[in-house]
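# Structural features, examined
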Amino acid sequence: MSTITTAGVPATGAGRTSLLRAVATEVVRFTRRNTLAAIGGFVGAFIIFVALAAPLLAPRDPLKADFRRMNRPPDAQSLLGTDQVGRDTLSRVIYGARTSLFVAFSAVILGTTVGSLWGVACGYLRGRFDLYSQRLMEIMQAFPDLILAMAISMAIGTGLQAVIFAIAITRIPFGGRVIRSVALSVREMPYVEAGRANGGSALRIMIFHVLPQCIAPYLVLATTHLGVAIVIEAALGFLGVGVPPPTPTWGNMLADSITALVPPWWLAFFPGLAITITVLAFNLLGDGIRDTLDPRLSPAFLRMMAGGRRS
Amino acid sequence: MRKYLARRAMYAAITLIGVSVTIFIIMRVLPGDPLVAILGVEGHARMTLADRERIMADLGLSAPLPVQYVHWLRDIASGQLGKSFFRGETVAQQILHRGPISAEIAILSLFVSWLVGLPVGILSAFKPNSIPDGVARALSVLFIAIPGFWLGMLIVLALLFWFGYKSPLVIVHLWEDPWQNFQIVVGPAMVLGLAQGAYIARMSRSCLLEVIGDDFVRTARAKGLGEGLVVMRHALPNALLPVITISGVLLGFVLGGSVAVEQAFGVPGLGRAMVAAVIERDIIVVQNLVLLYAVIFVVVNILVDISYAWLDPRIRYG
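Residues numbered from 1 in each chain as written. Chains lettered and ligands numbered in written order. Predicted model: local features only at pLDDT ≥ 70, side-chain atom pairs only at ≥ 80, totals over all residues.

Counting its secondary structure elements, chain A contains 13 helices and 0 strands. Listing each helix as α and each strand as β along chain A from the N terminus yields α-α-α-α-α-α-α-α-α-α-α-α-α. A buried classification covers 49% of the 311 residues belonging to chain A. Taking as baseline every contact in chain A between residues at least 6 positions apart, the subset at least 24 positions apart corresponds to 71%. (Helix = DSSP H or I, 4+ residues; strand = E, 2+ residues; numbered from the N terminus. Buried ≥ 20, exposed ≤ 12 C-beta atoms within 10 Å, placed from the backbone. Contact = placed C-beta atoms within 7 Å.)

Excluding glycine, residues mostly have negative phi values, and the peptide bonds linking residues are mostly trans. All names here are of chain A. At arginine 126, a residue that is not glycine, the phi angle is positive and equals roughly 50 degrees. Along the chain, the position of arginine 126 falls in the loop between α4 (89–125) and α5 (127–141). Residue classification places arginine 126 among the partly exposed residues on the basis of 14 C-beta atoms within 10 Å.

Attention now moves to the packing of helix α7 (residues 148–163) of chain B against helix α8 (residues 178–212) of chain B. Residue and element names in this part refer to chain B. Running from N to C, α7 and α8 point in directions that differ by 140 degrees, and their axes come no closer than 10 Å. It follows that α7 is oblique to α8 by the angle criterion. Seen from above, α7 lies across α8 with right-handed handedness. Seen from α7, the contacting residues are Gly148, Leu151, Gly152 and Ile155; seen from α8, they are Gly187, Pro188, Val191, Leu192 and Ala195. Taken together, the residues of the contact of α7 with α8 break down into 6 nonpolar, 3 polar and no charged. (Axes fitted to C-alpha atoms, helices over the stretch in contact; angles between N-to-C directions. Parallel < 35°, antiparallel > 145°, perpendicular 65-115°, else oblique. Left-handed = near helix turned anticlockwise from the far one by under 90°. Nonpolar A, V, L, I, M, F, W, Y, C, P; charged D, E, K, R; others polar.)

As for its position among the elements, A:Ile258 is in the loop between α11 (250–257) and α12 (265–293). Along the primary structure A:Ile258 and A:Ala268 are separated by 10 residues, whereas in three dimensions their C-alpha atoms are 7.6 Å apart. Contact partners of A:Ile258, with chain neighbours within four places excluded, come to A:Pro263 and B:Met153.

Let us look at the interface of chain B and chain A. Listed as interface residues are 45 residues of chain B and, on the opposing side, 40 residues of chain A. Grouping the constituent residues of the side of chain B that touches chain A by class yields 35 nonpolar, 8 polar and 2 charged.

Spelled out as structure tokens, the structure:
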């Protein structure tokens with residue numbers, strides 16, 4: 001587990017400024033080594049900022065219809081045009097970032113956390129619990145992501161929470177599988193054995209000795225799945241089973257646009273562009289974080305693991 | 001080998017039973033009263049208690065859950081898969097009518113992904129970190145990020161805008177009119193194929209680069225083979241296994257993604273049927289279609305696993 005080399009933690013008591021400086025040097029180093037990922041990170045941070053500051057940034061109310069200005073192409077008054085009922089597309093895209101990111105972040109954090117805790121328990125306890133859990137995760141992974149999310153959100157009703165829950169469930173087995181393999185290797189380490197020898201209970205060892213080692217892979221998993229979650233959310237909205245209108249989400253905007261016989265290009269183009277840029281940014285960031293924090297999650301390593309188990 | 005196959009088949013059967021139970025639970029236990037789901041809260045409130053009970057019995061939803069589950073298994077065994085609430089047809093008829101279109105899209109997209117992804121991956125691996133490699137990698141990162149349904153919308157819009165062209169909106173099967181049929185399936189297949197191709201290009205590049213460092217490749221070079229022969233004859237066959245695996249995994253992406261992409265293109269395939277059933281809250285249709293998707297996904301991935309033994313004689317199954 002020598003892979004956790006985030007040197008961002010300085011000696012204690014050195015004060016706030018040196019912590020800031022250490023973080024800054026770390027960011028600079030990361031940028032130099034992994035420029036693309038850093039660009040992804042900055043774009044991602046910018047989109048998060050836009051989402052948080054939506055009420056300040058949006059030029060108009062995203063829900064306010066204006067029947068004097070319907071279906072206008074982009075012009076000086078509304079930079080990205082207006083939709084069929086005269087709502088400002090730019091404002092809706094900005095507010096859409098709010099919903100999309102909120103759903104994606106909540107779903108990924110919820111799903112990956114539940115999956116990771118489950119995975120730690122599987123990997124550490126092993127035995128029958130692990131065996132049954134593995135079968136259960138296999139069953140969850142037997143569904144294509146979007147299909148499962150559709151079925152769940154249909155069952156529990158379409159609302160913000162329902163969509164978050166539906167996407168979160170599809171993320172659980174991924175967290176479970178990866179973290180389980182980490183826990184399996186950590187449990188054999190001498191210090192964990194020492195903890196057991198000292199009479200620590202299974203719960204105590206899992207929380208204080210195994211869990212901390214899972215933080216790096218957890219972060220990697222969470223970032224790499226953000227992009228997937230954003231796409232699933234958008235697809236649900238596009239199919240009309242996501243966050244219900246009139247809440248502006250990128251998927252809903254795309255769904256609205258194709259109700260027209262000949263959809264205006266700006267309504268079809270900008271929300272999708274927002275999705276693509278966001279997903280691209282988080283994917284690049286995720287790849288970079290993976291390479292830096294946890295080479296064990298690189299495709300090459302995972303393939304080796306898969307090959308090792310098969311032969 | 002036979003023992004391995006038997007074990008795999010048994011695990012798959014367990015998984016599929018689990019899958020069916022899971023869908024059943026999602027469809028029955030979570031939403032509370034299915035009648036509310038079908039009729040809406042208002043419609044439900046307007047009916048008398050007797051009416052409600054009669055309809056529930058008609059739909060086969062008033063029996064105890066385990067009995068309902070057994071009935072569903074019986075419907076599956078009979079090949080009918082149960083009846084839609086809203087349409088007069090059974091789910092099996094729906095699948096037979098719309099399934100071929102979706103199957104064509106999936107298979108065609110698989111061909112596209114290999115035809116595009118593999119050459120690009122090989123080209124990248126030939127000269128890593130060169131300009132063509134950079135372009136190929138940038139494109140694959142881009143195509144992984146672009147949502148297929150959006151790309152589909154843009155293609156439909158562009159064709160409509162510039163050429164006034166719209167692909168046929170009714171179901172035309174391959175055996176009825178191949179040209180019309182091709183116009184329906186080509187768009188979704190390209191969109192899904194390019195997205196998969198991006199993953200395949202990425203995977204084949206990194207696998208090739210790994211293998212190219214191996215001793216047997218150095219030996220091939222040392223005995224004087226040209227670089228082309230070294231890569232195509234020696235390195236490539238050994239790098240292909242993981243690419244085949246990822247192709248199997250990507251099927252999940254195609255099955256799910258095709259639902260949204262079919263919607264974007266207006267293709268009347270199985271995905272559209274799924275969306276309609278979800279919006280109409282047609283429980284029976286949804287549970288059967290979800291099961292179908294899961295069965296396809298599980299079975300194909302087992303076939304991929306088994307194909308390993310054929311392709312790589314080093315792998316022995318105990």
